[in-house]
Amino acid sequence: MDRATAGSAHRGRLQVEVRTVGDSEVVTPAGELDHHTADVLSTPLDAALAQGRSRLVIDCSRLEFCDSTGLNVLLAARLKADAAGGGVHLAGLRPVVARVLEITGAEAVFTVHPSLDEALSG
């Protein structure tokens, strides 16, 4: 597997790491995803898509909170990735984030994997 670190960004309560693994761009947000920090995640997602990386795996195992603005970032990335022939895979959802997806019905539009390893092997 190709494991190159593409970079990281953070603003206070959210840090995002990005790396390439095979044909996937793995994006790992850590902390709280809300209207104050949404661009910290949307920027690397948009950059990956602009570089032709349309299979996005978002490792949510370190994501502690996600509000509606954060959910909109994920949904926008899914639409762009789908349009580019790829998709967004969510991995390792913590219960609080999984609940947001469940309540809003958004879980139905994402491919959800129990772990990052399973998302990368699928």
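Above this note sits the structure.
Cut-offs and rules
- Residues numbered from 1 in each chain as written.
- Predicted model: local features only at pLDDT ≥ 70, side-chain atom pairs only at ≥ 80, totals over all residues.
- Heavy atoms only, no water.
- Helix = DSSP H or I, 4+ residues; strand = E, 2+ residues; numbered from the N terminus.
- Contact = heavy atoms within 4.5 Å.
- Areas by Shrake-Rupley, 256 points an atom, 1.4 Å probe, with all protein chains shown as cover.
- Lys, Arg positive; Asp, Glu negative; His and termini not counted.
- Charge placed at Lys NZ, Arg CZ, Asp CG, Glu CD.
- Core = buried A, V, L, I, M, F, W, Y, C linked by side-chain atoms within 4.5 Å.
- Buried < 20%, exposed > 50% of the residue type's maximum accessible area, 1.4 Å probe, protein only.

## Brief notes about the overall build of the chain
Along the backbone of the chain there are four helices and seven strands. Each helix and strand of the chain, placed in order from N terminus to C terminus, yields the pattern β-β-β-α-β-β-α-β-α-β-α. Dimensions of the chain, computed from C-alpha atoms along their principal axes, come out at roughly 35 × 30 × 25 Å. Within the chain, counting contacts between residues at least 6 apart in sequence, those at least 24 apart form 60% of the total. Approximately 6,000 Å² of the chain is accessible, and the part contributed by carbon and sulfur atoms is 51%. Placing the 11 positive and 16 negative side-chain charges of the chain at their respective mean positions leaves the two points 1 Å apart.

## A short note on the nonpolar core
Grouped together as the largest cluster of nonpolar side chains are 27 residues, with contacts concentrated most on Leu41, Leu45, Leu56 and Val88. For this core, the secondary-structure elements that each account for two or more residues are β2 (14–21), β3 (24–33), α1 (38–50), β4 (55–59), β5 (63–66), α2 (68–83), β6 (87–91) and α3 (95–104). Per-element accounting of this core gives the leading share, six residues, to α1. In contact with Leu45, other than residues within four places in its own chain, are Val27, Leu56, Ile58, Val73 and Ala77.

What is shown is where atoms sit, not what they do.
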